[in-house]
Amino acid sequence: MSDHYIVTGCAGFIGSSLVDKLLSKGYKVTGIDNFSTGQPAFIENALQDENFKFYNLDLLDFDNLKDAFLGGTIVFHLAANADVRFGTNNPRKDLEQNTIVTYNVLETMRKCKIKKIAFSSTGSVYGEAPVIPTPENCPFPIQTSLYGASKAAGEGLISAYCEGFGFQSWIFRFVSILGERYTHGHVYDFYEKLQSNPNELHVLGNGKQRKSYLHIKDCLDAIIIALDNSSEKINIFNLGVDGYCELNDSIKWICNHLNVSPKLIYSGGDRGWIGDNPFIFLDTKKIQSLGWKPKNNIKNGVIDTVKFLEKNEWVFNSRPQK
């Protein structure tokens, strides 16, 4: 029997990109999204493919999920509230959309006898890691964001289902992902601000925060390679590049591409918001040992993202208000 993939969050940045990749390989794909942040435009092509079936569902609506999962062989659980910054404005949002939804997915899988799950976690689960670059077996420190805590809880539930019900899992701890269909994050915010006022740019923190980023194309390649080449009960992989940049570097690349020279106004301090980690750099030796290597550096990712936003300014009118 060929694989039948279920993709939650299928109209989001990573989800829609994954759907297109799977369909291009001839797989049968069922997508689930409620368009709370996903974009209908991102699945327009998929909807024309006979191998794609779409369900407009809220994953919190547990009683109505079973039909969408029936016949699936592996679930890519990508649906989540992905914006770390606003966690303290609405603490329940991370709990519901990241942790409870993950439980609902796992229970629905159990009812439908699906035992494989790939999960989009985050490097934020490491908090302010005591080891840099941070390996997968780094001791977990105190959680510093509600987003990271909710994802760590999701990882815990998945691991428990692997032990208790014979599931197999692939847990991916991403750095921030960049590229086509990117609709939230610092490049989005800076581009929007510079379109409004190219003469000055307000920057959270001191601009010296050190961050790592990964291009969406490299992210998807890594996910597929991990699924094809790792077979433990619980497979955990960091996904990122061998390096990082200062926020100021990213600002420079964005401004140079847009040909603007704004005055930079910093809010001060070594972080931009509660839960912001001023230094993120993940050790990726484990995924690279499977033969994966990113083709794009961080600068490429930033520039590709700006180019996407230039061609698709409609995304700025489509994102829900915080």
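Check the entry above for the structure.
Remember, it's a predicted structure, so these values are computed and weren't measured experimentally.

Secondary structure summary: the protein chain contains 9 helices and 13 strands in total. Taken against the 2.2 N^0.38 rule, which gives 20 Å for 322 residues, the C-alpha radius of gyration of the protein chain at 19 Å falls within 12% of a compact globule. Here the protein chain holds 322 residues, and 54% of them are scored as buried. Long-range pairs, those at least 24 residues apart, make up 80% of the contacts in the protein chain with a sequence separation of at least 6. Carbon and sulfur atoms form 48% of the exposed surface of the protein chain, whose accessible area is close to 14,500 Å². Averaging the locations of the 34 positively and 35 negatively charged side chains of the protein chain gives two centres separated by 3 Å.

A separate point is the state of the cysteines. Cysteine pairs can be linked by a disulfide, which is a covalent bond between their two sulfur atoms. This structure, assessed with the given rule, holds 0 disulfides. Summary of cysteine pairing: Cys-10 is not part of a disulfide, and the nearest cysteine sulfur, belonging to Cys-219, is at 16 Å. By relative accessible area, Cys-10 is classed as buried at 0%. Between Cys-112, a cysteine without a disulfide, and Cys-10, which holds the nearest cysteine sulfur, the sulfur-to-sulfur distance is 17 Å.

Another aspect to go through is the packing of aromatic side chains. If you walk through the whole model with that rule in mind, you get 15 aromatic pairs. Measuring from centroid to centroid gives 5.6 Å for Tyr-191 and Phe-316, while their planes differ by 15 degrees, and the two rings are stacked. With a gap of 125 residues between them, Tyr-191 in helix 5 (residues 186-196) and Phe-316 in the segment after helix 9 (298-311) connect regions that are remote in the sequence. The burial state of Tyr-191 is the same as that of Phe-316; both residues are buried.

With that settled, the discussion passes to the sheet that holds strand 1 (residues 4-8). Strand order across the open sheet formed by 7 strands is 3-2-1-4-5-6-11, with parallel pairing between neighbours. One side of each edge strand has no neighbouring strand; the edge strands of this open sheet are strand 3 (52-56) and strand 11 (234-239). In this sheet, adjacent strand axes meet at a mean angle of 15 degrees when their direction is disregarded. Pairing of strand 6 (residues 168-174) with strand 11 involves 6 bridges; the strand directions are parallel. Residue pairing for strand 11: Ser-169 is matched across the bridge by Ile-234. Strand contacts of helix 1 (residues 13-24): strand 1, strand 2 (28-33), strand 3, strand 4 (74-77) and strand 6, with the helix running at about 165 degrees to strand 1, the strand carrying the most contacts. Its contacts with the sheet place helix 6 (residues 216-229) against strand 4, strand 5 (116-122), strand 6 and strand 11, and it is angled at close to 155 degrees to strand 6.

Moving on to the pairing of strand 5. Summarising burial for strand 5: 6 of the 7 residues are buried, a large majority. Sheet topology places strand 4 next to strand 5; 3 bridges connect them, and they run parallel. The residue of strand 5 that forms the bridge with Phe-76 is Ala-118. Sheet analysis places strand 5 next to strand 6, joined by 7 bridges and oriented parallel. Paired with Ser-121 across the bridge in strand 6 is Arg-173.

The next thing to look at is the nonpolar core. Val-7, Phe-76, Phe-172 and Leu-239 are the most contacted members of the largest nonpolar core, which has 71 residues in total. The dominant element in this core, judged by the number of residues it contributes, is helix 6, at 8 residues. When near neighbours in sequence (up to four residues on either side) are disregarded, Phe-172 contacts Ala-118, Phe-119, Ser-120, Ser-121, Thr-122, Ile-223, Ala-226, Leu-227, Phe-237 and Leu-239. The next biggest cluster of nonpolar side chains, apart from the first, holds 24 residues, and it includes Ile-6, Val-75, Phe-119 and Ile-171.

Further remarks concern the packing of helix 7 (residues 247-258) against helix 9. It is the contact of helix 7 with helix 9, at a shortest axis distance of 10 Å, that shows an interaxial angle of 45 degrees. The angle between the axes of helix 7 and helix 9 places the two elements in the oblique class. Both helix 7 and helix 9 take part in a crossing whose hand is right-handed. Counting all contacts with helix 7, which are made through Ser-250, Trp-253, Ile-254, His-257 and Leu-258, the residues of helix 9 involved are Ile-298, Lys-299, Val-302, Ile-303, Val-306, Lys-307 and Glu-310. By residue class, the composition of the contact of helix 7 with helix 9 is 7 nonpolar, 2 polar and 3 charged.

The grouping of Lys-66, Lys-111, Lys-113 and Lys-115 at the surface amounts to a positive patch. Note that Lys-115 resides in the loop between helix 3 (91-111) and strand 5. By relative accessible area, which is 44% here, Lys-115 ends up partly exposed.

About the cut-offs
Residues numbered from 1 in each chain as written. Predicted model: local features only at pLDDT ≥ 70, side-chain atom pairs only at ≥ 80, totals over all residues. Heavy atoms only, no water. Helix = DSSP H or I, 4+ residues; strand = E, 2+ residues; numbered from the N terminus. Rg over C-alpha atoms; globule rule 2.2 N^0.38 Å. Buried < 20%, exposed > 50% of the residue type's maximum accessible area, 1.4 Å probe, protein only. Contact = heavy atoms within 4.5 Å. Areas by Shrake-Rupley, 256 points an atom, 1.4 Å probe, with all protein chains shown as cover. Lys, Arg positive; Asp, Glu negative; His and termini not counted. Charge placed at Lys NZ, Arg CZ, Asp CG, Glu CD. Disulfide = S-S within 2.5 Å. Phe/Tyr/Trp six-rings, centres within 6.5 Å; stacked < 30°, edge-to-face > 60°. Pairing = 2+ DSSP bridges. Axes fitted to C-alpha atoms, helices over the stretch in contact; angles between N-to-C directions. Core = buried A, V, L, I, M, F, W, Y, C linked by side-chain atoms within 4.5 Å. Parallel < 35°, antiparallel > 145°, perpendicular 65-115°, else oblique. Left-handed = near helix turned anticlockwise from the far one by under 90°. Nonpolar A, V, L, I, M, F, W, Y, C, P; charged D, E, K, R; others polar. Patch = residues over 30% accessible without salt bridge, like charges linked within 9 Å, V, L, I, M, F, W, Y side chains within 5 Å. Salt bridge = Lys/Arg side-chain N within 4 Å of Asp/Glu carboxyl O.

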